[in-house]
Amino acid sequence: MSDLRDLYQTVILDHYKKPRNFGRPAGADLSAEGVNPLCGDRVQVFARLEGDQLAAVGFEGSGCAISTAAASLMTQAVRGRTRKEVEELFARYHDMVAGAGATDPSLGKLEVLAGVREFPARVKCATLVWHALRAALDGSAERVTTE
Ligand code: ZN
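Here goes a summary of the coordinates provided.

## Thoughts on the pairing of strand E1 (residues 30-36)
For a regular strand, side-chain orientation follows a simple rule: the groups alternate between the two sheet faces. Most of E1 sits out of view: five of its seven residues are buried. Here E1 pairs with strand E2 (residues 41-50) via seven bridges, running antiparallel. The partner of Ser31 across the bridge, within E2, is Phe46. Connecting the antiparallel pair E1 and E2 is a turn made up of four residues, with Gly40 showing a positive phi of about 90°.

Here it is as C-alpha cells:
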C-alpha cells in the first residue's frame, strides 16, 4: 500500500511541477475562475465546445500541489467528453475524494488523488477546478468560490 502511495505522490508532484494543458487553448470562448480562499488556490479554466463535446480545455493559476495537479489531471481526463460525461465523471471523482465512494477504475489517472479523502480540508483543493469547469460550461458564473 505504501508503494502505491509513493507512486501517487510522484504523479501528483509531476503534474504540479509540469502542469499539462497550462494556458488558454486557441479558440477557447468559455471561461470561469475558481477561488479557494482557505488555501489560497486560484484557477482559471478555459474551454471550447464543439457541439456538446469538450474540444479543448486548459487552465492557468496558482495554488497548492493538490489543486494544481487536480487541474492538470482534469484537463487530460475531460477532453473529448460530452458535458453529460463530464458531469458523471465529476460525480464519481467527488465521491472518491470526499470519501463517500470507493475508487473506480473508470476514473483512470484521477485515482492518484484518492488519498485526499484522508485530509478533509484538501477536498476543496481537489474539486475547485471542477467547479470552475462546470461554471464555464454552463455559463452560470464567471467566478466560483469554495467559501
Ligand atoms: Zn489547496
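## Some words on the environment of Leu110
Within the fold, Leu110 resides in the loop between helix H3 (83-98) and helix H4 (123-138). Each C-alpha atom, one on Leu110 and one on Leu89, is 9.9 Å from the other, the two residues being 21 residues apart in sequence. Among all residues touching Leu110, those that are not within four sequence positions of it are Leu73, Met74, Ala77, Leu89, Tyr93, Met96 and Trp130.

## Concerning the environment of Asn36
Turning to its location among the elements, Asn36 is positioned in strand E1. C-alpha separation for the pair Asn36 and Leu128, spaced 92 residues apart in sequence, amounts to 7.0 Å. Setting aside its immediate chain neighbours within four residues, Asn36 contacts Asp41, Lys124, Cys125, Leu128, Thr146 and Glu147. Within the structure, the side chain of Asn36 is placed 2.9 Å from the side chain of Thr146, a separation counted as a polar contact.

## Remarks on the environment of Gly99
Along the chain, Gly99 turns up in the loop between H3 and H4. Of the residues examined, Gly99 reaches a relative accessible area of 38% and is grouped as partly exposed. When the C-alpha atoms of Gly99 and Arg117 are compared, they prove to be 5.0 Å apart, with 18 residues separating the residues in sequence.

## Some words on the nonpolar core
Formed by 42 residues in total, the largest nonpolar core has its most connected members in Val78, Tyr93, Leu113, Trp130 and Leu133. Secondary-structure elements contributing two or more residues to this core are helix H1 (2-17), E2, strand E3 (53-62), helix H2 (65-78), H3 and H4. If you tally residues by element for this core, the top one is H4, at 11 residues. Once you skip the residues sitting within four places of it in the chain, Val78 turns out to touch Leu54, Val57, Val86, Leu89, Trp130 and Leu133.

## A few points about the coordination of the zinc ion
Here the zinc ion is held by the protein donor atoms Cys39 (SG), Asp41 (OD), Asp41 (OD), Cys64 (SG) and Cys125 (SG), which lie 2.2 to 2.7 Å from it. The motif formed by the donor residues of the zinc ion, counted along the single chain, is C-x1-D-x22-C-x60-C. A relative accessible area of 2% places Asp41 in the buried class.

## Description of the side chain of Asp41
Mapped onto the elements, Asp41 comes out in strand E2. Buried within the structure, Asp41 lacks any salt-bridge partner; Arg122 is the closest side chain of opposite charge, at an N-O distance of 6.1 Å.

Cut-offs used in this document
- Residues numbered from 1 in each chain as written.
- Predicted model: local features only at pLDDT ≥ 70, side-chain atom pairs only at ≥ 80, totals over all residues.
- Heavy atoms only, no water.
- Buried < 20%, exposed > 50% of the residue type's maximum accessible area, 1.4 Å probe, protein only.
- Helix = DSSP H or I, 4+ residues; strand = E, 2+ residues; numbered from the N terminus.
- Pairing = 2+ DSSP bridges.
- Contact = heavy atoms within 4.5 Å.
- Polar contact = N/O pair within 3.5 Å; in protein donor to acceptor, adjacent residues only side chain to side chain.
- Core = buried A, V, L, I, M, F, W, Y, C linked by side-chain atoms within 4.5 Å.
- Donors = N, O, S within 2.8 Å, 3.2 Å for Na, K, Ca; no water.
- Lys, Arg positive; Asp, Glu negative; His and termini not counted.
- Salt bridge = Lys/Arg side-chain N within 4 Å of Asp/Glu carboxyl O.

None of the figures reported here should be taken as evidence of function without further support.
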